[in-house]
Amino acid sequence: MAEPIRSCLGCKGRFPQSQLRRLALRKAPLGWAVVFDDARAIPGRGAWVCRDNQLCQERAFKPARLAGAFKIKDGPVRLMTG
Ligand SMILES: [Zn+2]
């Protein structure tokens, strides 16, 4: 089976899933947190970003872009790593 193609949230390019890292959404005490989901275990909407591209990650991790990707309207969103 062919590998799924996903769009990078940073550059909007389309790449095989293995070249991207998955981002997933978790409820945080104040709003929402976006976390890396390398195990692809968190259900719900995901977003993807180029695995080895720092510029893509800087672009993708802007709160407005994360909110757009996850269709969040009810509160702040932030990136939470580790
Ligand atoms: Zn990218």
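Residues numbered from 1 in each chain as written. Predicted model: local features only at pLDDT ≥ 70, side-chain atom pairs only at ≥ 80, totals over all residues.

Caption draft 1: Up close: the overall build of the chain. Along its length, the chain carries two helices and six strands. Along the chain direction, N to C, the helices and strands of the chain fall in the order β-β-β-β-β-α-α-β. By the compact-globule yardstick of 12 Å for 82 residues, the chain fits well, its C-alpha radius of gyration being 12 Å. A burial count over the chain gives 21% of its 82 residues as buried. Once local pairs closer than 6 in sequence are excluded, the contacts in the chain between residues at least 24 apart make up 52%. (Helix = DSSP H or I, 4+ residues; strand = E, 2+ residues; numbered from the N terminus. Rg over C-alpha atoms; globule rule 2.2 N^0.38 Å. Buried ≥ 20, exposed ≤ 12 C-beta atoms within 10 Å, placed from the backbone. Contact = placed C-beta atoms within 7 Å.)

Caption draft 2: Focus on unusual backbone geometry. If you check the backbone angles, Arg40 has positive phi at about 55 degrees while not being a glycine. Here Arg40 is to be found in the loop between strand 4 (31-36) and strand 5 (46-50). A residue is classified by how many C-beta atoms lie within 10 Å of it, and Arg40, with 11 of them, is exposed. One non-glycine residue, Lys71, adopts positive backbone phi at about 55 degrees. Within the secondary structure, Lys71 is located in the loop between helix 2 (63-69) and strand 6 (77-79). According to the C-beta neighbour criterion, Lys71 is exposed, with 8 such atoms within 10 Å.

Caption draft 3: Focus on the environment of Val49. Mapped onto the secondary structure, Val49 falls in strand 5. On a C-alpha basis, the gap between Val49 and Asp38 in space is 11 Å, while along the polypeptide they are 11 residues apart. Excluding anything up to four places from it in sequence, Val49 contacts Cys8, Leu9, Gly10, Leu20, Arg21, Leu23, Cys56, Gln57 and Ala60.

Caption draft 4: Geometry of the nonpolar core. One finds Cys8, Leu9, Leu23, Trp48 and Val49 to be the most contacted residues of the largest nonpolar core, which totals 16 residues. Only strand 3 (20-28), strand 5, helix 1 (54-60) and helix 2 provide two or more residues apiece to this core. (Core = buried A, V, L, I, M, F, W, Y, C linked by C-beta atoms within 7 Å.)

Caption draft 5: Up close: the sheet that holds strand 5. If you trace the four strands from one edge of the open sheet to the other, you get 5-3-4-6, paired in mixed fashion. Edge strands, defined here as strands with exactly one partner in the open sheet, are strand 5 and strand 6. Adjacent strand axes in the sheet meet at a mean angle of 30 degrees when their direction is disregarded. Where strand 3 and strand 5 come together, five bridges link them in antiparallel fashion. (Pairing = 2+ DSSP bridges. Axes fitted to C-alpha atoms, helices over the stretch in contact; angles between N-to-C directions.)

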